[in-house]
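Report on the structure
Here are the chains, one letter per residue:
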Amino acid sequence: MDPAGKAHEQALRLLEFRARSRRELSLRLRQKGHPNPLIEDLLDRLTSVGLLDDRRFASERCRALALSKGWGPRKIRADLLSKGVDAGFIDEALSGVYEEQSEADLLRRVAEKKFGSSLLDGELDPKGRAKVQRFLMGRGFNAGLVRELLAGF
């Protein structure tokens, strides 16, 4: 098989496994030894036929990370930036997710799922409160929202 055909086949196999950003796919193909000009041409063709779309990738990944994994916007942004997604696409994707469910509602859901009855019953001592706060901040939620949530308990 010619090099272009081999690169195309490998790119399709990678995209079949899961959606990827343009930068991610480019890096993976480079790791497999394909030359840059061939990779760029292939990525342009995949983009033109709709198989590679950073905007769609950002939207799908953002939704999955927020609603399934319970990640906050800071952590999602860092993840997508590390995958080479444009900041504008990230902002758009985050806005879309938080139209479905507000960040405060998601924050509350994540906290209640992780800490359950101790949080709901208001049985948090200062050490427990600090633990909840560290967990939620580590998940990428806004510090002000976390403090607001904990003030209610």
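Note that the structure is predicted; figures quoted are calculated from it, not measured.

Our next topic: the nonpolar core. Residues Cys 62, Ile 76, Leu 80, Leu 107, Leu 136 and Phe 141 are the most contacted members of the largest nonpolar core, which totals 27 residues. When contributions to this core are tallied by element, the ones reaching two or more residues are helix H4 (54-68), helix H5 (73-82), helix H6 (87-100), helix H7 (103-120), helix H8 (126-138) and helix H9 (143-151). The residues contacting Leu 136, other than those within four sequence positions of it, are Leu 107, Val 110, Ala 111, Phe 141, Val 146 and Leu 149.

This part covers a positive patch on the surface. Residues Lys 114, Lys 127, Lys 131 and Arg 134 make up a contiguous surface patch of positive charge. For the positive patch, the element with the most residues is H8, which contributes three residues. Following the sequence through the fold, Lys 131 ends up in helix H8.

Glancing now at the pattern of salt bridges. Taken as a whole, this structure holds 13 salt bridges when the rule is applied. The partner of Asp 91 in a salt bridge is Arg 77, and the shortest N-O contact between them spans 2.5 Å. In this pair, Asp 91 sits in helix H6 while Arg 77 sits in helix H5, placing the two residues 14 residues apart along the sequence. A relative accessible area of 37% means that Asp 91 is categorised as partly exposed.

This brings us to the confidence of the model for the protein. On average, residues of the protein score 91 in pLDDT, and 95% of them reach the 70 mark or higher. Within the protein, the lowest mean pLDDT, 84, falls on H7, and the highest, 97, falls on H5.

Attention shifts here to the environment of Val 132. When you line up the elements, Val 132 lands in helix H8. Sequence separation of Val 132 and Arg 77 is 55 residues, and the distance between their C-alpha atoms is 22 Å. Ignoring sequence-local partners within four residues, the contact set of Val 132 consists of Phe 115, Leu 124 and Leu 150.

Each value, and the rule that gives it
Residues numbered from 1 in each chain as written. Predicted model: local features only at pLDDT ≥ 70, side-chain atom pairs only at ≥ 80, totals over all residues. Heavy atoms only, no water. Core = buried A, V, L, I, M, F, W, Y, C linked by side-chain atoms within 4.5 Å. Buried < 20%, exposed > 50% of the residue type's maximum accessible area, 1.4 Å probe, protein only. Helix = DSSP H or I, 4+ residues; strand = E, 2+ residues; numbered from the N terminus. Contact = heavy atoms within 4.5 Å. Patch = residues over 30% accessible without salt bridge, like charges linked within 9 Å, V, L, I, M, F, W, Y side chains within 5 Å. Areas by Shrake-Rupley, 256 points an atom, 1.4 Å probe, with all protein chains shown as cover. Salt bridge = Lys/Arg side-chain N within 4 Å of Asp/Glu carboxyl O. Lys, Arg positive; Asp, Glu negative; His and termini not counted. Charge placed at Lys NZ, Arg CZ, Asp CG, Glu CD. pLDDT = per-residue confidence, 0-100.

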